[in-house]
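Take a look at the letters that make up each chain.
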2 protein chains.
Amino acid sequence: MYRIGELAKQFDVNTDTLRYYEKEGLLVPSSVASNGYRMYSSADAKTLGVILRAKAIGFSLSDIKTLLSIEVDKANKECLDVKLVVDDKLDQVNAKIDELQTFQRSLKRLSDACCGGHESAQDCTILQALESESFTILSECHHD
Amino acid sequence: MYRIGELAKQFDVNTDTLRYYEKEGLLVPSSVASNGYRMYSSADAKTLGVILRAKAIGFSLSDIKTLLSIEVDKANKECLDVKLVVDDKLDQVNAKIDELQTFQRSLKRLSDACCGGHESAQDCTILQALESESFTILSECHHD
DNA sequence: CTTGACCTTAGAGTTTACTCCAAGGTTTAT
DNA sequence: ATAAACCTTGGAGTAAACTCTAAGGTCAAG
């Protein structure tokens, strides 16, 4: 059994984070001592490990909650249930990457077009592009 | 001169958004009518265009504020000043893409390893991976 | 017996970019 | 005259995942 500070130190998180996870129903300490202190079992510690690993690969706390609820009722769940969560997140991540790559292309085009020297910004191609109403086309142009 | 609702309709934004941009110092209407109505000039409209285009390519409102402050003092600024903002944002976008691609690889590996069928989740490879302390290595493993 | 390190709760603050609401004033049309 | 469609202000609410503060209780060491 660990007190909150011990568990927090072990996993290098803030004690407030653990209280927050409890409030969110992700990690409820398996018992409470007579002095009111939260007491975490090694199963709790294992669960925290799962939470942090899931976070590290991009799951939101809400996703993780779903995953943990499947975990506790494994016997009555199917692989499909688990895979759906993962594939859903994968779709979100892919969509976000696509969006950022669109940003990236536009920014790179702006950057490459600009001399970046000590010349006056009066004629800066970047500012001109941002002022130009036809610039939006750039971010949607797919025939590079 | 446009009233706030006219400008909002023209650019398909909420009037509250325009008031918010004003509060943030991004777009201050060039005059206020005697009845207290905000009056936007066509220069203001052009600035709004710049703001929305900059937003569309991934700049935050704070970035845009910097860009606009350069814009109004173009004569005393250099191309370098502008390019630094763009390159800085490009670095941030690239970093975010890298992070998401790490997520993507981990998620894809999880997904691919799981049958996704109607089998019991008891032996699901995804759940096993999340429970395994050595799993973190996967997200950092570069020798595919 | 007091100091310091620990723990408790409830609640507020952070960030970003809005969005909504209430209560009221203005303008235009019928 | 009155309704509809505008506009004003100030302030609260939203999402996500914490982080911090205040005021106080607990515990071990010196």
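Use the structure listed above.
1. A look at the relation of the copies chain A and chain B
Overlay of chain A on chain B (RMSD 0.2 Å): rotation 180 degrees, translation along the axis 0.0 Å. Such values leave the two copies arranged in the relation of a two-fold axis. When C-alpha distances to the rotation axis are compared across chain A, the minimum falls at A:Ile97, with a value of 3.1 Å.

2. With respect to the protein's contact with DNA strand C
The local shell around DNA strand C holds 17 residues, among which A:Gly5, A:Arg38, B:Asp16, B:Tyr20 and B:Tyr21 are the closest. Of what DNA strand C places within 4 Å of the protein, 71% of the atoms are sugar or phosphate. The side chain of A:Arg38 places a nitrogen or oxygen atom 2.8 Å from a phosphate oxygen of DNA strand C. Within the side chain of B:Thr17, a nitrogen or oxygen atom sits 3.3 Å from a phosphate oxygen of DNA strand C. Secondary structure elements with two or more residues in the surface near DNA strand C: α1 (4–11) of chain A together with α2 (15–23) of chain B. At four residues, the largest contribution of residues to the surface near DNA strand C is made by α2(B).

3. Some words on the interface of chain A and chain B
In this complex, chain A contributes 56 residues to the contact, which on the side of chain B involves 56 residues. Interface of chain A and chain B: buried area, both sides summed, is about 5200 Å²; carbon and sulfur atoms make up 70% of it. Joining chain A to chain B, the criterion identifies three salt bridges. Ionic pairing is found between A:Glu131 and B:Lys74, a salt bridge with its closest N-O pair at 3.3 Å. For the interface between chain A and chain B, the tally reads 24 residue pairs in polar contact (both at pLDDT 80 or more). Looking at the side of chain A that touches chain B element by element, the count peaks at 21 residues for helix α5 (residues 79–113) of chain A.

The rules behind the values
- Residues numbered from 1 in each chain as written.
- Chains lettered and ligands numbered in written order.
- Predicted model: local features only at pLDDT ≥ 70, side-chain atom pairs only at ≥ 80, totals over all residues.
- Heavy atoms only, no water.
- Least-squares fit on C-alpha atoms with pLDDT ≥ 70 in both.
- Near = heavy atom within 4 Å.
- Polar contact = N/O pair within 3.5 Å; in protein donor to acceptor, adjacent residues only side chain to side chain.
- Helix = DSSP H or I, 4+ residues; strand = E, 2+ residues; numbered from the N terminus.
- Contact = heavy atoms within 4.5 Å.
- Buried area = accessible area lost by both parts, 1.4 Å probe.
- Salt bridge = Lys/Arg side-chain N within 4 Å of Asp/Glu carboxyl O.

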